[in-house]
Amino acid sequence: MNEQLQPLKKQPRAGKAGRSGTQDDIVYAHIFEAILEQRLAPGTKLSEEALGEIFGVSRTIIRRALSRLAHEGVVLLRPNRGAVVASPSVEEARQVFMARRLVERAITELAVQHATAEQIAELRQMVNDERDSFSRGDRGAGIRLSGEFHLKLAEAAKNAPLISFQRSLVSQTSLIIAQYESGNRSHCSYDEHTQLIDAIEARNGELAVDLMMHHMDHIDSKLNLDEESASDDLHAVFSHLLQTKKPGRSPAKI
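Scope of this entry: the structure provided in the associated data block. (Residues numbered from 1 in each chain as written. Predicted model: local features only at pLDDT ≥ 70, side-chain atom pairs only at ≥ 80, totals over all residues. Heavy atoms only, no water.)

### Considerations on the overall build of the chain
As a reminder of what qualifies: The numbering of helices and of strands both runs from the N terminus, where a helix is a DSSP run of H or I of at least 4 residues and a strand a run of E of at least 2. The buried label goes to any residue with under 20% of its type's maximum accessible area, the exposed label to any with over 50%, and the partly exposed label to all in between, with areas taken from a 1.4 Å probe on protein chains only. Here, residues are in contact when the closest pair of their heavy atoms is within 4.5 Å. All accessible areas in this document rest on Shrake-Rupley with a 1.4 Å probe, and a residue is counted as covered only by the protein chains that are shown.
From N to C terminus, the chain includes eleven helices and three strands. Written out in order from the N terminus, the α and β elements of the chain read α-β-α-α-β-β-α-α-α-α-α-α-α-α. Across the 254 residues in the chain, those meeting the buried criterion constitute 50%. Look at the contacts in the chain between residues 6 or more apart in sequence, and 78% of them connect residues 24 or more apart. In the form shown here, the chain has an accessible surface area of approximately 12,000 Å², with 49% of it arising from carbon and sulfur atoms.

Here it is in structure tokens:
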């Protein structure tokens, strides 16, 4: 009997496919998470055959997941050459960060107006989880949680188009950081996130926006053109999904 490949073990967060999702939901969520955690290098070829083997699904399922990722701008679908993880140029990176600043400003202003006590508590818990991840050396999880913090903040803004736009921008930002971040990889995003939550809870819109812009400045200041740290080996990136496979067994099924 084939062993079952479990969907993401972590609790579903903003925009993430949950355990009850379809097969392409689950494949999409695993790849999206790998991008947020900067485990997939920009320019990586996303072989339908390799991904089908890793996830134990048909190429049709893989194509659906890749199509969704392409719609969000983090995967490029090349006719007759297959899909690759997007590799933003310097100019594209600048455009993404300009758009991100505008969207973050709008989201912050709206979150100050609309965030509920429950949403503020959820944001604080995410910051605690982010801090714990970095403290135990799990940089990938910390980076993902940092991105998911901004998605949760977009939910608090109560504006559906901004949530959708932000999801694409956050994932593209992760690719840009993976491609262009400098060698100094210290992270203090959780401290900046905490200050931002405090300002939102106090309903201080001017301070909250200033803190968000400072946060974006901090991210921007660490970028250069020299560093790539993610991997282009699909089997290495998703090795944790293959650990339960035994010799002679067929690929694990979703």
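Next, the rest of the story.
### Things to note about the sheet that holds strand β3 (residues 82-85)
Our working definition: Two strands qualify as a pair provided that DSSP identifies no fewer than 2 bridges between them.
Ordered in space as β1-β3-β2, the three strands form an open sheet in which the pairing is antiparallel. Both outer strands of the open sheet, β1 (45-46) and β2 (75-78), are each paired with one neighbouring strand and no more. Pairing between β2 and β3: four bridges, direction antiparallel. Across the sheet, Arg78 pairs through a bridge with Gly82, a residue of β3.

### Side note on the packing of helix α4 (residues 90-114) against helix α6 (residues 139-157)
Rule in force here: Every angle, taken between N-to-C directions, lies between 0 and 180 degrees, and every axis is a line fitted to C-alpha atoms, over only the stretch in contact when it is a helix. Should an angle fall under 35 degrees it is called roughly parallel, over 145 degrees roughly antiparallel, and 65 to 115 degrees roughly perpendicular, with every other angle called oblique. Here a crossing is taken to be left-handed if its near helix is turned anticlockwise relative to the far helix by less than a right angle, and right-handed if that turn runs clockwise. Ten residues, namely Ala, Val, Leu, Ile, Met, Phe, Trp, Tyr, Cys and Pro, are considered nonpolar, four, namely Asp, Glu, Lys and Arg, are considered charged, and the remaining ones, Gly among them, are considered polar.
Interhelical geometry of α4 versus α6 gives an angle of 55° and a closest axis separation of 7 Å. When the interaxial angle is binned, α4 and α6 end up oblique. Crossing of α4 over α6 shows left-handed handedness. Of α6, the residues touching α4 (which contributes Arg100, Glu104, Ile107, Thr108, Leu110, Ala111 and His114) are His150, Leu153, Ala154, Ala156 and Ala157. Looking at side-chain class alone, the contact of α4 with α6 contains seven nonpolar, three polar and two charged residues.

### Considering the pattern of salt bridges
The condition is simple: Salt bridges are counted wherever a side-chain nitrogen of Lys or Arg sits within 4 Å of a carboxyl oxygen of Asp or Glu.
For the structure on display, the rule yields 20 salt bridges. In this structure, Arg59 engages Glu49 in a salt bridge whose closest nitrogen and oxygen atoms are separated by 3.8 Å. Of this pair, Arg59 sits in helix α3 (residues 59-71) while Glu49 is found in helix α2 (residues 48-55), placing the two residues ten residues apart along the sequence. According to the relative accessible area criterion, Glu49 is exposed, its value standing at 55%. One salt bridge in this structure joins Asp220 and Arg101, with 3.9 Å as the shortest N-O distance. Residue Asp220 is found in helix α9 (residues 205-221), and its partner Arg101 is found in helix α4; the two are separated by 119 residues along the sequence. Under the relative-accessibility criterion, Asp220 is labelled partly exposed at 35%. The network of salt bridges with common partners includes Glu33, Glu37, Arg39, Arg144 and Glu148.

### Re the environment of Asn224
As for its position among the elements, Asn224 is in the loop between α9 and α10 (234-237). Each C-alpha atom, one on Asn224 and one on Gln179, is 8.5 Å from the other, the two residues being 45 residues apart in sequence.

### Here's the deal with the nonpolar core
Defined as follows: Among buried residues, those of type Ala, Val, Leu, Ile, Met, Phe, Trp, Tyr and Cys that are joined through side-chain atoms within 4.5 Å constitute a nonpolar core.
If you look at the biggest cluster of nonpolar residues, it comprises 36 residues, and the most contacted ones within it are Ile107, Leu153, Leu196 and Ile200. Breaking this core down by element, the ones donating at least two residues are α4, α5 (117-135), α6, α7 (160-180), α8 (189-201) and α9. The element contributing the most residues to this core is α4, with eight residues. In this structure Leu196 touches Thr108, Phe149, Leu153, Ala208, Leu211 and Met212, once residues within four positions along its chain are discounted. Residues Ile35, Leu36, Val237 and Leu242 belong to the second largest nonpolar core, which totals 32 residues.

### Here's the deal with the packing of α5 against α6
Running from amino to carboxyl end, α5 crosses α6 at an angle of 170°, the nearest separation of the two axes being 8 Å. Considering the angle they form, α5 stands roughly antiparallel to α6. For the pair α5 and α6, contact is made by Gln119, Glu122, Leu123, Met126, Val127, Asp129, Glu130, Ser133 and Phe134 and by Arg139, Ala141, Gly142, Ile143, Leu145, Ser146, Glu148, Phe149, Lys152, Leu153, Glu155 and Ala156, respectively. Looking at side-chain class alone, the contact of α5 with α6 contains ten nonpolar, four polar and seven charged residues.

### Topic: unusual backbone geometry
Positive phi, close to 60°, is recorded for Gln38, a residue that is not glycine. The backbone of Lys158 shows a phi angle near 60°, a positive value even though the residue is not glycine. Following the sequence through the fold, Lys158 ends up in the loop between α6 and α7.

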